[in-house]
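# Structural features, examined
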Amino acid sequence: MEFGAALRLRCPDSSRCSYIVNNGPRSPENISVRAMNFGQHWRTENVVDVGYQIELPMSFVRDGLAGLIADYVEDAKEHPDPDSELDRALEVAGWPSVPSILETAALLVRFTELYGYDLILRWFGDGEPQHQPGVVLNTIDTIDLVTHPEVVTFEGRARET
């Protein structure tokens, strides 16, 4: 499985994306993801917390979700979680195929929310950014699949490196 720059180079739709950090454009090489303790408070002193808005190609999101969805649906069929709204939605929909899920807006949104972290980790890679000044993404606060149908927009918080 490819991550980071190698993955982005193979994705023909990557040119449609924008990367805005602290209200200014950034290169994807200046961005990485916090794999350990994603979403937790930074304990390091003097960390500068900034907002980000990134776009990933819808084609990448659909491809990235396909395998994850297949595994999820198989597990949900065998071991349904009665408290899971997603499991219930899949069951009500008759356990649709992966292509059908990817074409059903409500299910696509739910799976993108569930696996958003996995997607941004693959797109940017783990660890420190390749180039400085950089940022490390730490939260996903919102995901928008509607405003621009060719991209998925993620917004959240990051720290400057």
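Residues numbered from 1 in each chain as written. Predicted model: local features only at pLDDT ≥ 70, side-chain atom pairs only at ≥ 80, totals over all residues. Heavy atoms only, no water.

## What about the pairing of strand β7 (residues 151–160)?
Definition in use: Throughout, exposure labels follow a simple rule: accessible area from a 1.4 Å probe, protein chains only, divided by the maximum for the residue type, with under 20% read as buried, over 50% as exposed, and the rest as partly exposed. Only DSSP runs of H or I reaching four residues or more are called helices, and only runs of E reaching two or more are called strands; each is numbered from the N terminus. Note on pairing: two strands pair once DSSP finds at least 2 bridges between them.
Of all 10 residues making up β7, seven are buried, and the element is well covered by its neighbours. Judged from the nine bridges that link them, strand β4 (residues 49–57) and β7 form a sheet pairing that is antiparallel. The partner of Pro57 across the bridge, within β7, is Val151. Where strand β5 (residues 135–137) meets β7, three bridges bridge the pair, whose relative direction is antiparallel. Bridge pairing in β7 links Val136 to Arg159. Inspection of the sheet shows strand β6 (residues 142–144) paired to β7 by three bridges, in the antiparallel sense. Across the sheet, residue Ile143 finds its bridge partner in β7, namely Phe154. Between β6 and the antiparallel strand that follows it, β7, lie six residues.

## Re helix α3 (residues 85–92)
The condition is simple: The directions from the helix axis to the C-beta atoms are what the arc is built from.
Buried within α3 are the following residues: Leu86, Asp87 and Leu90. Along the axis of α3, the buried residues cluster in a sector spanning 100°; they form a single face. In α3, the exposed residues that point more than 90 degrees away from the buried face are Glu85 and Val92.

## Things to note about the pattern of salt bridges
Put simply, the test is: Salt bridge, as applied in this entry: a Lys or Arg side-chain nitrogen positioned within 4 Å of an Asp or Glu carboxyl oxygen.
Scanning all chains against the criterion turns up seven salt bridges. For Asp49, the salt bridge goes to Arg157, with nearest N and O atoms at 3.1 Å. With Asp49 in strand β4 and Arg157 in strand β7, the pair connects residues that are 108 residues apart, well separated along the chain. When the shortest N-O distance is used, the salt bridge between Glu103 and Arg62 registers 3.4 Å. In this pair, Glu103 is assigned in helix α4 (residues 98–103) and Arg62 in helix α2 (residues 58–78), connecting sequence segments 41 residues apart.

## So, the packing of α3 against helix α5 (residues 105–124)
The following threshold applies: Lines are fitted to the C-alpha atoms to define the axes, a helix being fitted only along its stretch in contact, and any angle between axes, read from their N-to-C directions, falls within 0 to 180 degrees. By definition in this entry, angles of less than 35 degrees are roughly parallel, angles greater than 145 are roughly antiparallel, angles of 65 to 115 are roughly perpendicular, and the rest are oblique. Crossing chirality is assigned from the near helix's rotation relative to the far helix, an anticlockwise turn below a right angle marking it left-handed and a clockwise turn marking it right-handed. Residues count as neighbours in contact if any of their non-hydrogen atoms are within 4.5 Å of one another. Each residue is assigned to one class: nonpolar for Ala, Val, Leu, Ile, Met, Phe, Trp, Tyr, Cys and Pro, charged for Asp, Glu, Lys and Arg, and polar for all the others, Gly among them.
The contact between α3 and α5 brings their axes to 11 Å, and the two run at 150°. With respect to α5, the element α3 is oriented roughly antiparallel. The handedness of the crossing between α3 and α5 is left-handed. When α3 is examined against α5, the residues Glu85, Leu86, Ala89 and Leu90 are found in contact with a partner set consisting of Leu107, Arg110, Phe111 and Leu114. Split into classes, the residues belonging to the contact of α3 with α5 amount to six nonpolar, no polar and two charged.

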